[in-house]
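Next come the chains, spelled out residue by residue.
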Amino acid sequence: LRLRKGLWVAAEGVIYEDFAPELHIVETMPPGWESWARYWSVDFGYTNPTVVQCWASDPDGRLWLYREWYMTQRTVDRHARDILSVVAPGGRWIEPKPHLIVADHDAENRARFEAELGLGTTNADKNVKDGIETVQRRLRPAGDGRPRLYFLRTALVERDESLEEARKPCSTLEEIPGYVWAPSPDGRPVKEEPVKINDHGMDAMRYICKELDPLSRPRIRMLR
């Protein structure tokens, strides 16, 4: 129903129960967002999609997904060139450079990506349980009634026709309603591990939230 008719229906055992399209999806970015700090998150793939998420952080620390590449069957250097053609056409950056790029641990792809972009990357914290909890906290409305995670409806730069033909998610937004807990032997969802399918945008989103959320960082006690 979600992919064939565009209905926002959630599967049984959905992980991000607090996600609500009317609350978390925006049609336009807020005034003044052009000067906000930027952060990118990357999950590499080839047969599976490579996901590159561009996030803007507002003065209150909320994250806004304003641009995304979600594409299969393209090499890392091609992805990097595609990205630069948007953010730095002709070699000149037209938006703030990211303060941080969090990427998965594929050393070869990371090295090529860094070389093509001329930017460094940081190893993602891949603790799934902690990452999910961090995203869940951001999705819940805070004391002012607003969540700390938003998605621009038009963030996707290019739609992957092969994924669309296969009736698979074509963006991070399209993954959310089908991101579910793995079932136990009796078929009921167990809130321990997610089903590892159609979760590439979910991985990238976990990486950036885990990296930027101070509550998820280990506390260090100074010894005297």
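Residues numbered from 1 in each chain as written. Predicted model: local features only at pLDDT ≥ 70, side-chain atom pairs only at ≥ 80, totals over all residues. Heavy atoms only, no water.

1. Concerning helix α5 (residues 128–139)
At 3.6 residues per turn, the α-helix brings residues three or four places apart onto the same side.
At step 1: Here α5 is 12 residues long and its end C-alpha atoms lie 17 Å apart, about the 16 Å a rise of 1.5 Å per residue gives.
At step 2: For α5, every residue scored as buried is listed here: Gly131, Ile132, Thr134, Val135, Gln136, Arg138 and Leu139.
At step 3: Residue Asn127 occupies the N-cap position of α5, its side-chain oxygen lying 3.3 Å from the main-chain nitrogen of Lys129. (Helix = DSSP H or I, 4+ residues; strand = E, 2+ residues; numbered from the N terminus. Expected span 1.5 Å × (residues − 1). Buried < 20%, exposed > 50% of the residue type's maximum accessible area, 1.4 Å probe, protein only. Polar contact = N/O pair within 3.5 Å; in protein donor to acceptor, adjacent residues only side chain to side chain.)

2. Section: the sheet that holds strand β3 (residues 50–57)
At step 1: If you trace the seven strands from one edge of the open sheet to the other, you get β1-β7-β4-β3-β2-β5-β6, paired in mixed fashion. A strand with exactly one partner marks an edge of an open sheet, and here the two such strands are β1 (25–26) and β6 (122–123). (Pairing = 2+ DSSP bridges.)

3. A few points about the packing of α5 against helix α8 (residues 200–212)
At step 1: For the pair α5 and α8, the least separation of the axes is 8 Å and the interaxial angle reads 80 degrees. Taken together, the axes of α5 and α8 lie roughly perpendicular to each other. In contact with Val128, Asp130, Gly131, Ile132, Thr134, Val135 and Arg138 of α5, α8 contributes Met205, Arg206, Cys209, Lys210 and Leu212.
At step 2: Across the contact of α5 with α8, the residue classes break down as six nonpolar, two polar and four charged. (Axes fitted to C-alpha atoms, helices over the stretch in contact; angles between N-to-C directions. Parallel < 35°, antiparallel > 145°, perpendicular 65-115°, else oblique. Contact = heavy atoms within 4.5 Å. Nonpolar A, V, L, I, M, F, W, Y, C, P; charged D, E, K, R; others polar.)

4. Examining the environment of Leu63
At step 1: Following the sequence through the fold, Leu63 ends up in strand β4 (residues 63–71).
At step 2: Each C-alpha atom, one on Leu63 and one on Ile208, is 9.3 Å from the other, the two residues being 145 residues apart in sequence.
At step 3: Ignoring sequence-local partners within four residues, the contact set of Leu63 consists of Trp55, Ala56, Ser57, Arg138, Arg148, Leu149, Tyr150, Ile208, Cys209 and Leu212.

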